[in-house]
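# Structural overview
What follows is the residue order along each chain.
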Amino acid sequence: MNLRDYLKDLVDNLYTCARTQCGFCVYECPVRRVLGFETYSSRGRMHLARGIVEGNVGLTEKLVDIYFKCTLCGYCEAVCALDNTRIFRNVRKFLVSKNAVPRIHREIRDSIVSSDNPYSAERRAKTPVQVLPPRKSKTIIFLGCTIPISRRQILLSLKKFMEKSGITLGYLGPDEYCCGLVLYEIGFEKEFLEQAEKNIKSFKESGVERIVTICPGCYIALKERYSEYFDVDYEVLHISEYLYELMNKNKIKYRKLSGEIVYHDPCHLTRHGKVVEEPRAVLEWLGLTVLEAPHYNKYYSRCCGGSILSFYPDLASEIGVMRLRELLSTGAETIVSGCEICEIALDKAAMRENVFVDVLDIVEVLSTALS
Amino acid sequence: MDKEVLKRVYSKLVELLGEERVSVAIEDRLPYSRNWNPCTRDFRALPDIVVLPKSTEEVSQVVKVAYEYKIPVTPRGGGTSMSGGSLARGGILVDMKLMDRVLEVDKENYVVRVQAGIPILRLNEELRKYGLWFPYDVESKAVATVGSVIALRSDGTFNIRYGKIENHLCSITVVTGTGEVVELGHRKTLISTSGYHLHWLFISSEGTLGIVTEAVLRVVPAPPHRDIVGFFFPSFSHGVKALVDMLKRGVLPESANLQCKNRLKFYTHAYRAKYGVEPKVPEWTEAVLFLSFAGDKDVVDFMMKKSREIVREHGGEPIEDREVLEMWWTSKHVAIEPKELRFPWEKPFIPFKQKWPDSQRTRRFGAAGVSVPVGKIQEMYRKYLEYSSKYGLEVLGMNVYFQHPNSTHVSISFAVWVGDSEEEVRNFYRYLKEMAKTAVDLGGSMSAYYGDGEVLAGINVYEHGNALKYMLKIKEVFDPAGIMNPGKKFGESRWVE
Ligand SMILES: Cc1cc2nc3c(=O)[nH]c(=O)nc-3n(C[C@H](O)[C@H](O)[C@H](O)COP(=O)(O)OP(=O)(O)OC[C@H]3O[C@@H](n4cnc5c(N)ncnc54)[C@H](O)[C@@H]3O)c2cc1C
Ligand code: SF4
Ligand code: SF4
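Predicted model, so just to flag it, every value in this text is computed and none were measured.

### Considerations on the sheet that holds strand E2 (residues 170–171) of chain A
Residue and element names in this part refer to chain A.
- The strand order across the open sheet built from four strands is E2-E1-E3-E4, with neighbouring strands paired in parallel fashion. Edge positions in the sheet fall to E2 and strand E4 (235–238), since each of these pairs with one other strand and no more.
- Two strands pair when backbone bridges link them, and strand E1 (residues 139–142) and strand E3 (residues 210–213) are joined in this way by four bridges, in the parallel orientation. Considered in E3, the bridge of Ile-141 is made with Val-212.
- Packing of helix H13 (residues 216–229) onto the sheet brings it into contact with E1, E3 and E4, and relative to E4 it is tilted by some 160°.

Here you go:
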């Protein structure tokens, strides 16, 4: 199959861009901002995709690098009217089909396939049953891989939330599998579908009706990506949506907090998931003043580089530092986000810049209001 | 370019800028292969090398290498030129967008010094921190750079109040075609009678004299308030007369656009996206005039009221539907403006539904951008209908942009829909040529905001006659080897037969 077969109707998008050339997507693309060449912006990648379709561009190492360095943040999509990231994902799928994939991406695939997580961690590390014993329920928490492996403070906050509020979510423990979004984003469709099938089977067998996620990647995978291939009948909520619902119904007793924080929009939650207001509402509910990154917030928020942190740490770090500076320019001393990967990326950026700033998840903020 | 030469030039450039900022890879060259002028599906113009300088010194070193080997240099900002102005003909393409720093904000004197690769929108984000504004509003501001609006003398939304780039340009730093760095103009002032005003030569020079690397621009305090009005008129002449009368009587708009009914549709994309229908326009309407006013609220309110009175005296009727006005404004000006740069009523476009790509899914916007004396608008409009029909191009509409402070000197975009086929593209350029000549015949100019580029190169002798010879001499002074953006302004058009 050639790229045209993967893009199908999306080929028209390439020609629309070729006609338009408006460049709205160029300057702000986080990868272009670091690497300089337009190649790395959406317009550049649209040109190259057209080049592949028309047979003017070969599948070189450089081309592979260009497509995999995109963070899929979707800023370009918000300022355009085309299916930019869907195109880039399909180009990746095509590259995968030609075995044109960077080594690190293959290693991460192998890690998911063999250890059910992208970090080559032991499987038991990602099912922290000693903290969160498995429990059947119609509404479950889906933990994902990153929180139990690299951001355990969120897990502890979640546990505290459940204890203090008396609201207990179910948890599948060893029957929860890596959501596979990383595989989907890289273009390993077959392996992604295997993960999806395992999870859907688990959900069915456990009679799950509602799934709450903390990780926006899991949120998108379960909510949007699985349904591209399967009929699914469960509902998915990001933790911020879930908390918003509980607070609306007055189900949580908490102590009012005070002070200013700046909220960082995770690309997967905001732009891909369209969850924009709920996290802010929850934080305001808790008594906090939510500051906004100047100019770049909500649908026009800028990427923190988190999605490529495991693949291109240096590039990710440059992107993270740019975002950190924007967030800090508000004067806030605490950054709150709704994505553990963004939080890791921003923490790393703060370390690199040698600034002291708290980077917290909404769940962590909530838990401090419950003590 | 000869392979051996290319190799040598490449290694010299890498020595200067490092491997990360020089590329000969096809993957890095292809993204620069187009501009916004209509072309066929397979069109591409490739540079041999792309470089990303960060300072005047680096630009100078790059041009010195080009001068030594006599190879073309094409400066490029956002690449949205409508005349193929930043299409390379081999050689070195200089992407200016890493030169995007604001070097000085002189608040007391209302001037700023910037690197020329900064996009207009980015500059305004920075200026807003100081309560300042660079009121040069090209619709492509998200990527169009300061260097480009100098190199083209682009149109801006607010130019009936603030004027084109010459009204903002105090001085520039340029790298000439030999690589020499020269400061032109008058430091931080617009006012001087000393020497020749060589910085003005760089206005509309399209990179043919050298590369602008820094600019000192006058900026203004951001206005406290803005509002908009719109009017239907039975003809363009009615609309123009009303505006002339307003200016005479001291009603001074901040922006003025006069357009035909068809063009209105292009600017109500946001309205359609929201309501799914076209706004209502009275049967008898030929022209629609939109004005904005800015200043203290009471002043603005007074001007708005007065403008309504004057329009009524001239047979026009106000647009009562506020949504039409606001959505029009979204399409024309607000688009991508972040909240910090908007007044509360100014709405951005709906995310994921930007008008430009959305409107060009099957055909593209192609425009003849000319100027004619204001009394000739009606006649030029007739010619537009005639030529577009002659070449089988569907009318997209006309927009008259008032571009000179408090006067009715105009730039006009006569747009048509153009498909991708060779025949349609060829017909577009035939149409463009007739429009260009007619504009000159009517006492105007064939290019009002996009330079000559590759499109009007050669055709422009119709406008300039033997003056073109003198222009070439000026070019030789700045660019003795003829390497600066060759094929633009002079020589034969790549596009028009
Ligand atoms: C969606 C859209 C909307 C537009 N709206 C407007 C509008 O409202 N008004 C308007 O006038 N035009 C408009 N245009 C046309 C175009 O955007 C403008 O002409 C704009 O100023 C071009 O900027 P750029 O940075 O993209 O130019 P480029 O295409 O990069 O370059 C334009 C010319 O400037 C030269 N140049 C660039 N940088 C330098 C430099 N530093 N020194 C010397 N020469 C240089 C290039 O060689 C070229 O000749 C629009 C285009 C699009 C696609
Ligand atoms: S915003 Fe969309 S149409 Fe415009 S250049 Fe970028 S990808 Fe192309
Ligand atoms: S998704 Fe983000 S990184 Fe990728 S091209 Fe778009 S803006 Fe750039």
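### A closer look at the domain arrangement of chain B
Residues and elements named next belong to chain B.
- Considered domain by domain, chain B is made up of domain 1 (3–95), domain 2 (102–221) and domain 3 (226–441).
- Between the C-alpha centres of domain 1 and domain 2 the distance comes to 23 Å.
- Contact with domain 1, which involves 15 residues of that partner, is made by 17 residues of domain 2.
- Together, the buried faces of domain 1 and domain 2 total about 1200 Å²; carbon and sulfur atoms form 66% of this surface.
- Joining domain 1 to domain 2, the criterion identifies zero salt bridges.
- Mapped onto the side of domain 1 that touches domain 2, the elements with two or more residues apiece are helix H3 (56–69) and strand E3 (73–76).
- Broken down by element, the side of domain 1 that touches domain 2 gets its largest block of residues, six residues, from H3.
- Within the side of domain 1 that touches domain 2, the residues separate by chemical class into six nonpolar, seven polar and two charged.

### Notes on the pairing of E4(A)
Residue and element names in this part refer to chain A.
- In this structure, E3 lies alongside E4, joined through four bridges in parallel fashion. Paired with Val-212 across the bridge in E4 is Leu-237.
- In this fold, the crossover linking E3 to E4 by way of H13 has right-handed handedness.

### A closer look at the sheet that holds strand E10 (residues 210–218) of chain B
Residues and elements named next belong to chain B.
- Spatially, five strands are ordered E5-E6-E10-E8-E9 in an open sheet, and the strand pairing comes out antiparallel. Each end of this open sheet is capped by a strand with a single partner; those strands are strand E5 (102–106) and strand E9 (181–185). Ignoring which end each strand starts from, the neighbouring axes of this sheet average 15° apart.
- Of the strands in this sheet, E5, strand E6 (111–115) and E10 touch helix H4 (residues 120–128), which is tilted by about 45° from E5.

### Some words on the interface of chain A and chain B
- Taken together, the contact between chain A and chain B spans 48 residues of the former and 50 residues of the latter.
- Buried area between chain A and chain B, summed over both chains or domains, comes out near 4200 Å², and the portion from carbon and sulfur atoms is 58%.
- The interface formed by chain A and chain B includes four salt bridges.
- Here Lys97(B) and Glu38(A) are joined by a salt bridge, their closest N and O atoms 2.6 Å apart.
- Linking chain A with chain B are 22 residue pairs in polar contact (both at pLDDT 80 or more).

What counts as what
- Residues numbered from 1 in each chain as written.
- Chains lettered and ligands numbered in written order.
- Predicted model: local features only at pLDDT ≥ 70, side-chain atom pairs only at ≥ 80, totals over all residues.
- Heavy atoms only, no water.
- Pairing = 2+ DSSP bridges.
- Helix = DSSP H or I, 4+ residues; strand = E, 2+ residues; numbered from the N terminus.
- Contact = heavy atoms within 4.5 Å.
- Axes fitted to C-alpha atoms, helices over the stretch in contact; angles between N-to-C directions.
- Domains from an automatic or database assignment.
- Buried area = accessible area lost by both parts, 1.4 Å probe.
- Salt bridge = Lys/Arg side-chain N within 4 Å of Asp/Glu carboxyl O.
- Nonpolar A, V, L, I, M, F, W, Y, C, P; charged D, E, K, R; others polar.
- Right-handed = clockwise from strand over helix to strand, strands pointing away.
- Polar contact = N/O pair within 3.5 Å; in protein donor to acceptor, adjacent residues only side chain to side chain.

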